[in-house]
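Given next are the chains, with one letter for each unit.
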Amino acid sequence: MLTVKNVKKTFYPGTPNEKRALNDVSLELDAGDFVTIIGSNGAGKSTLFNAIGGAFWVDAGSIHLDGKNITSWKDYKRAYDIGRVFQDTLKGTAPNLTIEENLALAYTRKAKKSLFAVSRDDRDFFRTLLEKLNLGLEDRLKAKVGQLSGGQRQAVSLLMCTIAEPKLLLLDEHTAALDPATAEKVLAITVELVEAGKITTMMITHDMQAALSIGNRTIMMDDGGIILDLSGKERADMTVDRLLTCYTEASKKKLANDRMLLR
Ligand SMILES: Nc1ncnc2c1ncn2[C@@H]1O[C@H](COP(=O)(O)OP(=O)(O)O)[C@@H](O)[C@H]1O
Ligand SMILES: [Mg+2]
């Protein structure tokens, strides 16, 4: 479904600030995979999403989605197939439009209808979707999204993404800015929407427990590379403690390698 092959990305090449953010990353996802991604700050997680989403051209390597080579596609073209929800709750929705208009934006794109022509059927459909979120939004279709709480906005962003039936959904710490109770609720909504739509999904999270319990595969990134890729029994047997040990060991090994290279 998604094939990332030998992808490299260096920022500010040839300057003192040179940063190799993706160092020969390869990754293959099957349709319906729900992969959680963990790793320390600066590991390259968001850069991997940016490479897949088309925020920049990669320096080397290729990206295929659903059999198509999208490596040289512009981001807006990839956006038809790739949905993204960011940590920033202000990013995914248009604040001055109503809930209904935001959902219509996503829906009309998919249904190839004219913009904002929200029929009664559409409205009923949106209401049913919102009811499932259990956030009381089904009675607030005409409320401006800017008036909603962060958690409610993330839920609407998720709904917009899933309504569009993307081939791939990228969630970049989308619950990190929410209070713990709301984060848990939005996470539950995420799982429900992803499973209902059978959407191939990648989710970056700092919550190691969530990373191991949600989805079917967990990837750990460090210093621009994938250092651990868990699925099946290996993943089922993994604990947060052992995951932390794996991380420390991988970092130590990396540090030792770097020292060797410096010599
Ligand atoms: N647009 C950019 N310009 C320059 N450097 C960047 C850019 N995006 C990311 N980086 C750098 O690349 C590295 C990886 O960043 P990022 O992918 O955001 O990490 P993560 O999401 O894992 O915390 C960091 O050192 C970061 O500063
Ligand atoms: Mg990030």
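Residues numbered from 1 in each chain as written. Chains lettered and ligands numbered in written order. Predicted model: local features only at pLDDT ≥ 70, side-chain atom pairs only at ≥ 80, totals over all residues. Heavy atoms only, no water.

**Observations regarding the sheet that holds strand 2 (residues 19-29)**
Adjacent strands of a sheet pair through backbone hydrogen bonds, lying either parallel or antiparallel. Counted only if it meets this: For two strands to be treated as a pair, DSSP must find no fewer than two bridges joining them. Each helix corresponds to a stretch of at least 4 residues labelled H or I by DSSP, and each strand to a stretch of at least 2 residues labelled E; elements are numbered beginning at the N terminus. Throughout, a contact is declared for two residues whenever any of their heavy atoms are within 4.5 Å. Inter-axis angles, ranging from 0 to 180 degrees, are taken between N-to-C directions of lines fitted to C-alpha atoms, where helices are fitted over the stretch in contact.
Read across the sheet, four strands follow the order 2-1-4-5 without closing on themselves; strand pairing throughout is antiparallel. The open sheet has two edge strands, strand 2 and strand 5 (68-69), and neither has a second partner. The sheet contact formed by strand 1 (residues 2-11) and strand 4 (residues 60-65) spans five bridges and is antiparallel. When the sheet's bridge partners are listed, Lys8 is paired in strand 4 with Ala60. Against the sheet, helix 1 (residues 45-53) contacts strand 1, strand 2 and strand 4, and its axis sits at roughly 65° relative to strand 2.

**So, the site of ligand 1**
The test is simple: Any residue with a heavy atom positioned within 4 Å of a molecule or strand is treated as near that molecule or strand. Each polar contact in these results corresponds to two N or O atoms within 3.5 Å; when the atoms are within protein, one needs to be able to donate a hydrogen and the other to accept it, and residues that are neighboring in sequence are counted only if both atoms are side-chain atoms. Method for areas: the Shrake-Rupley scheme with a 1.4 Å probe, in which residue coverage is limited to the protein chains shown.
Taken together, Phe11, Tyr12, Lys19, Ala21, Ser40, Asn41, Gly42, Ala43, Gly44, Lys45, Ser46 and Thr47 make up the full set of residues near ligand 1. With respect to ligand 1, the side chain of Ser46 contributes an N or O atom lying 2.9 Å from an oxygen atom. Measuring from an oxygen atom of ligand 1, one finds a side-chain N or O atom of Thr47 at 2.5 Å. Bound to the protein, ligand 1 loses 65% of the 560 Å² it would expose on its own. Those elements that provide at least two residues to the shell around ligand 1 are strand 2 and helix 1. If one sorts the elements of the shell around ligand 1 by residue count, helix 1 sits on top with three residues.

**Observations concerning the pattern of salt bridges**
Quick note on the threshold: Criterion for a salt bridge: a side-chain nitrogen of Lys or Arg within 4 Å of a carboxyl oxygen of Asp or Glu. Three labels apply to residues, based on accessible area from a 1.4 Å probe with only protein chains included: buried if under 20% of the type maximum, exposed if over 50%, partly exposed otherwise in between.
Under the definition given, this model contains ten salt bridges. Residues Lys167 and Asp81 are paired through a salt bridge, measuring 3.5 Å at the closest nitrogen-oxygen approach. Here Lys167, found in the loop between helix 5 (150-163) and strand 7 (168-172), pairs with Asp81, found in the loop between helix 2 (75-78) and strand 6 (82-85); they are 86 residues apart in sequence, far enough to count as distant. Residues Asp237 and Lys233 are paired through a salt bridge, measuring 2.5 Å at the closest nitrogen-oxygen approach. Taking the relative accessible area as the measure of exposure, Lys233 reaches 62% and is therefore exposed. What emerges from the salt-bridge pattern is a single network uniting Asp33, Arg217 and Asp229.

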